[in-house]
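# Observations on chain architecture
Given next are the chains, with one letter for each unit.
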Amino acid sequence: MAKNYYELLGVSKTASDDELKSAFRKLARQYHPDLHPGDEAAANKFKEINEAYETLSDAQKRAEYDAAQAGGGSGAGHAGGQGGQGGQGGSFFDDFVNMFNGEHRGGQSSNGGDISLNVTLSFEEAAYGTQKEITVNRFEPCAACRGTGAKGGTQFVKCTNCGGTGKVRFAQETPFGRVVSMKSCNVCNGTGRIVKEPCTACAGRGSLRKNSNLRITFPPGVEPGQIMTIPGEGERTRTGAKAGNLILTITVQPHKLFRRKGLDLLVDIPVSFTQALMGDKVLVPGLKGNKIAFTLPEGTQSGMTFKLKEQGLENPKKQIKGDMLVTIDIELPKNLTREQRQKIKELHDSFKPEQYDKAREFLKK
């Protein structure tokens, strides 16, 4: 049964780009392979939603997919990413469109596959931006044969199936009549050359899987669960076609004191009941280790939140700053001495009922 990309992402056929992105991020976090090690079902689901998003987020591919769906075609596997790999099992619509593009599946996907990784950032790194070196395990051109697959990099003969052009004529009967186009030669995989003696280092594949270290820049304000796509840093292809993308899912470690809400920093500050009662100057810690002086007004109640303007995070591109939201937590002393109890009782007896706003309102109700 044909895949319905809209149903896979849980969106309507009229979904906007923002709705598609939001749905994809939510599902990607839910089914990411790093969160379900060894779970083949989750891994397959992640591939499906990645395939669906790659197609629907591209205006041209989405239009072609919608046309295929309307015409009864499968529409699946045309994205050129996760779902575009593997043989000649594409739909008629895929083949028909590719005829006019001068392409046809020749036993391999045209582009390299995407690679998905999970990256963990500290709270500060996500807030202020950072550069991190990450390791990507992917296929890289074989150095011994310079990616050709031939021993010494030069031992080739011309492919007799395509005459060295890398393409062969392809005819197909369609509802519009017989259409003749070109497709990649399945003998030489579109290279036009046949390896005479395979490279011993890569067994003629032209590539070897290895770890590559990449320096990635994470901008300020990265959100937990955010997905970053690094174009061209996915799997390479032997034919020199477009490389796949590197898809990074961001995990942000929690902070001991702070929480984030966009550019705003949220923090709970404990104060003594005498500070809250009489008012005081308190020092609020900043994320960078600095101290921010803050005047606590007289009669502050527990749970009150005060805004310290532009003491949050900054968005350099938009040149705006968030605020720091300070929530007060009044702490009562323990293990009172007899003398302290007596003084507090005397103080309590000196208060008048009208000095307690909440109690007065409660009694009215």
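Refer to the structure above for everything that follows.
Note that the structure is predicted; figures quoted are calculated from it, not measured. Each residue is numbered by its place in its chain's sequence as written, counting from 1. Thresholds applied to this predicted model are a pLDDT of at least 70 for local features of residues and 80 or more for the giving and counting of side-chain atom pairs; totals over whole chains, interfaces and linings are not thresholded and use all residues. No hydrogens and no water enter the side-chain calculation; it runs on all heavy atoms of the structure.

### Topic: the nonpolar core
Throughout, nonpolar core names a set of buried Ala, Val, Leu, Ile, Met, Phe, Trp, Tyr and Cys residues whose side chains join them through atoms within 4.5 Å. The buried label applies to any residue whose accessible area, calculated with a 1.4 Å probe on protein chains only, is under 20% of its type's maximum; exposed applies above 50%, and partly exposed to all values in between. Among the nonpolar cores identified, the biggest contains 20 residues, and Val284, Phe294, Met324 and Val326 are the most heavily contacted of them. Counting from the N terminus, the helices are DSSP H or I runs at least four residues long and the strands are E runs at least two residues long. Of all the elements in the fold, those that place two or more residues in this core are α6 (123-128), β11 (264-272), β12 (280-285), β13 (291-296), β14 (305-308) and β17 (324-331). Ranked by residues supplied to this core, first place goes to β11 with 4 residues. Residue contacts are defined here by distance: any two heavy atoms, one from each residue, within 4.5 Å place the two residues in contact. Sequence-distant contacts of Met324, defined by excluding residues within four places in its chain, comprise Phe258, Leu265, Val267, Val284, Pro285, Gly286, Ile292, Phe306, Lys307, Leu308, Gln311 and Gly312. In terms of nonpolar packing, the next biggest core, distinct from the first, is built from 19 residues, Tyr6, Leu8, Ala15 and Ile49 among them.

### Focus on the sheet that holds strand β9 (residues 246-252)
Strand order in the open sheet made by the 3 strands is β1-β9-β8, with mixed pairing throughout. Edge positions in the sheet fall to β1 (115-121) and β8 (227-230), since each of these pairs with one other strand and no more. Pairwise comparison of adjacent strand axes, ignoring direction, gives a mean angle of 30° for this sheet. Inspection of the sheet shows β8 paired to β9 by 4 bridges, in the antiparallel sense. Paired with Met228 across the two strands is Leu248, which belongs to β9. Here the rule is simple: two strands pair whenever DSSP picks up at least two bridges between them. Only the contacting stretch of a helix is used when fitting its axis, a line to C-alpha atoms as for every element, and angles between N-to-C directions run 0 to 180 degrees.

### So, the sheet that holds strand β10 (residues 259-261)
Strands belonging to one sheet form pairs held by backbone hydrogen bonds; the direction of such a pair is parallel or antiparallel. With respect to topology, 4 strands assemble into an open sheet ordered β10-β11-β17-β14, the strand pairing being mixed. Edge positions in the sheet fall to β10 and β14, since each of these pairs with one other strand and no more. Strand-to-strand twist across the sheet, computed as the mean angle between neighbouring axes with direction ignored, equals 35°. With 3 bridges connecting them, β10 and β11 associate as antiparallel partners. Within the sheet, the bridge partner assigned to Arg260 lies in β11 and is Leu265.

### Points about unusual backbone geometry
Excluding glycine, most residues fall at negative phi; most peptide bonds, likewise, are trans. Although it is not a glycine, Glu310 adopts a positive phi angle of roughly 55°. Assignment of secondary structure puts Glu310 in the loop between β14 and β15 (314-315). Despite not being glycine, Gln319 shows a phi value in the positive range, around 55°. In this structure, Gln319 sits in the loop between β15 and β16 (320-321).

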